[in-house]
Amino acid sequence: MSFLGKLFGGKKEEKGPTTHEAIQKLRETEELLIKKQEFLERKIEVEIQTARKNGTKNKRVAIAALKRKKRYEKQLTQIDGTLTQIEAQREALEGATTNAQVLNTMKDAANAMKLAHKDIDVDKVHDIMDDIAEQHDISREITDAISNNVAFPNDIDEDELERELEELEQEDLDKEMLGIKVPTDTLPDVPAAELVHDKPKPARSKKDVISEEDEELAKLQSWAT
């Protein structure tokens, strides 16, 4: 507003619409133009049908219908161009709105982070981390001290155990080379051949027994004479 305008009470400058309001108006305009497009397309179709119907009967009417069709097509082309511009402007405003929201969110996050780090001193953080590392070292030392066997100290010579193990391995190797197998506690093998038992003597018949008794009696009688 100029100085004279202020001095004589001129009109106040009107505040422009917000981004949301501008986007809403652009969308309403798009819808209106789309409806206009549909109307013109229907009019064009009607004029085409009129021209076809009167092409042979009434040439003047047919030509007039084609002229109106051309005029409608021209308007339709203009609307297409306007819609393209409006869509581009709306998308630009929507992108600007999104960018503004993202920027505000990042700004709020930065302020929150700054507030969170307000009372934190970097040097103190390093000191605390050093103290934590030191306490971990102390804890490991305590654990190692507790785990050591105090009552039975580890005084076994590791080298001596290794030499003994090598001797055992060499002994097993020597036995394998000589073909000596370590005896195992096993039962004796069952003989393959079937054991032969003494066959029982066949039973004597009654006739044989009587003959033997007669022979014995004859011998006794001969001795008696």
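Remember, it's a predicted structure, so these values are computed and weren't measured experimentally.

So, about the packing of aromatic side chains. Counted under the stated rule, the structure contains zero aromatic pairs. One Lys or Arg, arginine 71, reaches over the ring of tyrosine 72 and ends 5.6 Å from the middle of that ring.

Moving on to the confidence of the model for the chain. Confidence along the chain averages 79 in pLDDT terms, with 70% of residues attaining 70 or more. The low-confidence segment residues 193–197, where pLDDT is below 50, has zero contacts with residues more than four positions distant or belonging to other chains.

Another aspect to go through is a negative patch on the surface. Together, Asp157, Glu158, Asp159, Glu160, Glu162, Glu164, Glu166, Glu167, Glu169, Asp172, Asp174 and Glu176 give the surface a local cluster of negative charge. Along the chain, glutamate 164 turns up in helix α5 (residues 158–178). Classification of glutamate 164 as partly exposed rests on a relative accessible area of 43%.

On to the side chain of asparagine 54, then. By the secondary structure assignment, asparagine 54 is in helix α2 (residues 19–54). Those residues in contact with asparagine 54 that sit more than four places away from it in its chain are Lys59, Val61 and Ala62.

Below, the discussion takes up the packing of α2 against helix α3 (residues 59–116). α3 packs onto α2 with a crossing angle of 160° between their chain directions and a minimal axis gap of 8 Å. Here α3 runs roughly antiparallel to α2, going by the angle between their axes. Read as a crossing pair, α2 and α3 show a hand that is left-handed. Taken together, the residues of the contact of α2 with α3 break down into 19 nonpolar, nine polar and 14 charged.

Before going further, it helps to spend a moment on the nonpolar core. Across soluble globular proteins, nonpolar side chains show a tendency to be buried alongside one another. Core analysis: the largest hydrophobic core is formed by nine residues, namely Leu26, Leu33, Leu40, Ile44, Tyr72, Leu76, Ile79, Leu83 and Ile86. Taken together, the elements giving at least two residues each to this core come down to α2 and α3. For this core, the element with the most residues is α3, which contributes five residues. In contact with isoleucine 86, not counting residues within four places along its chain, are Leu26, Thr29, Glu30 and Leu33.

Basis of the calculations
- Residues numbered from 1 in each chain as written.
- Predicted model: local features only at pLDDT ≥ 70, side-chain atom pairs only at ≥ 80, totals over all residues.
- Heavy atoms only, no water.
- Phe/Tyr/Trp six-rings, centres within 6.5 Å; stacked < 30°, edge-to-face > 60°.
- Lys NZ or Arg CZ within 6 Å of the ring centre and 35° of its normal.
- pLDDT = per-residue confidence, 0-100.
- Contact = heavy atoms within 4.5 Å.
- Patch = residues over 30% accessible without salt bridge, like charges linked within 9 Å, V, L, I, M, F, W, Y side chains within 5 Å.
- Areas by Shrake-Rupley, 256 points an atom, 1.4 Å probe, with all protein chains shown as cover.
- Salt bridge = Lys/Arg side-chain N within 4 Å of Asp/Glu carboxyl O.
- Lys, Arg positive; Asp, Glu negative; His and termini not counted.
- Charge placed at Lys NZ, Arg CZ, Asp CG, Glu CD.
- Helix = DSSP H or I, 4+ residues; strand = E, 2+ residues; numbered from the N terminus.
- Buried < 20%, exposed > 50% of the residue type's maximum accessible area, 1.4 Å probe, protein only.
- Axes fitted to C-alpha atoms, helices over the stretch in contact; angles between N-to-C directions.
- Parallel < 35°, antiparallel > 145°, perpendicular 65-115°, else oblique.
- Left-handed = near helix turned anticlockwise from the far one by under 90°.
- Nonpolar A, V, L, I, M, F, W, Y, C, P; charged D, E, K, R; others polar.
- Core = buried A, V, L, I, M, F, W, Y, C linked by side-chain atoms within 4.5 Å.

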